[in-house]
Amino acid sequence: DGQRKSKNTHFPFAEGMCVQCHTPHTGNRAFLIKADMKDVCTECHSDIIKDNAKRIHDPVGKGQCNSCHQPHGSANEKMLVKPVGELCFNCHTDIREGLEKDSVKHVPAASGDCLICHVPHTSDQDNGLFNGPIVEVCRQCHDLEDASLKSAHASLPMDQAKSCSVCHKPHSSNNKKLLKNFM
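Figured I'd write up the structure that's included with this text.

Procedures and definitions
Residues numbered from 1 in each chain as written. Predicted model: local features only at pLDDT ≥ 70, side-chain atom pairs only at ≥ 80, totals over all residues. Heavy atoms only, no water. Helix = DSSP H or I, 4+ residues; strand = E, 2+ residues; numbered from the N terminus. Axes fitted to C-alpha atoms, helices over the stretch in contact; angles between N-to-C directions. Parallel < 35°, antiparallel > 145°, perpendicular 65-115°, else oblique. Contact = heavy atoms within 4.5 Å. Buried < 20%, exposed > 50% of the residue type's maximum accessible area, 1.4 Å probe, protein only. Arc of directions from axis to C-beta.

Quick look at unusual backbone geometry now. With a phi close to 60°, phenylalanine 31 is a non-glycine residue in the positive phi region. By secondary structure assignment, the location of phenylalanine 31 is in the loop between α1 (11-14) and α2 (37-44). Here the phi dihedral of lysine 78 falls at roughly 55°; this positive angle occurs in a residue that is not glycine.

Pasting the structure below:
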């Protein structure tokens, strides 16, 4: 079977432990899944939905794990159905379209490295699936102590900013430095 030889194979599947997820003979769910997919997956992957989550990715909240993951195995990391960026752009078509038409692109977004800034399942942030407060997310790559950056932000000191996205678009723009149109 090709999935058993996948680069990334689900452990129960690789070990022939089918009853970990499936009923052996009869059931009223597709593929004889023993419970709702969300319940089957979180039985082992209990850390997927964090207790302090303020944001839950829509497919996660709906228990649609197979929207992003192959249940048995995949050539992609984390058993994803497609590579990360390609997978994200399946649903986030507005971001893909912006990257296709806009002249200035944020490098992580353009290269499909969505997980540099975002988390895939849940976030403790109020305003999106970010891996931390927005200013801290930006700080992972942008040195806010850089003299030229400080000079460019003289009218709005960065240490007072609650979010870089007040002035900057996070994925793409037709303005230099990913500035929004009002600048």
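Remark: helix α4 (residues 84-91) packs on helix α5 (residues 93-101), axes separated minimally by 5 Å, with the N-to-C direction vectors making an angle of 110°. Taken together, α4 and α5 sit at an angle that is classed as roughly perpendicular. Seen from α4, the contacting residues are Phe89, Asn90 and Cys91; seen from α5, they are Thr93, Ile95, Arg96 and Leu99.

Another aspect to go through is α5. Of the positions making up α5, those classed as buried are Ile95, Gly98 and Leu99. Relative to the axis of α5, the buried residues are bounded by an arc of 95° and lie together on one face. Among the exposed residues of α5, those pointing more than 90 degrees away from its buried face are Asp94, Glu100 and Lys101.

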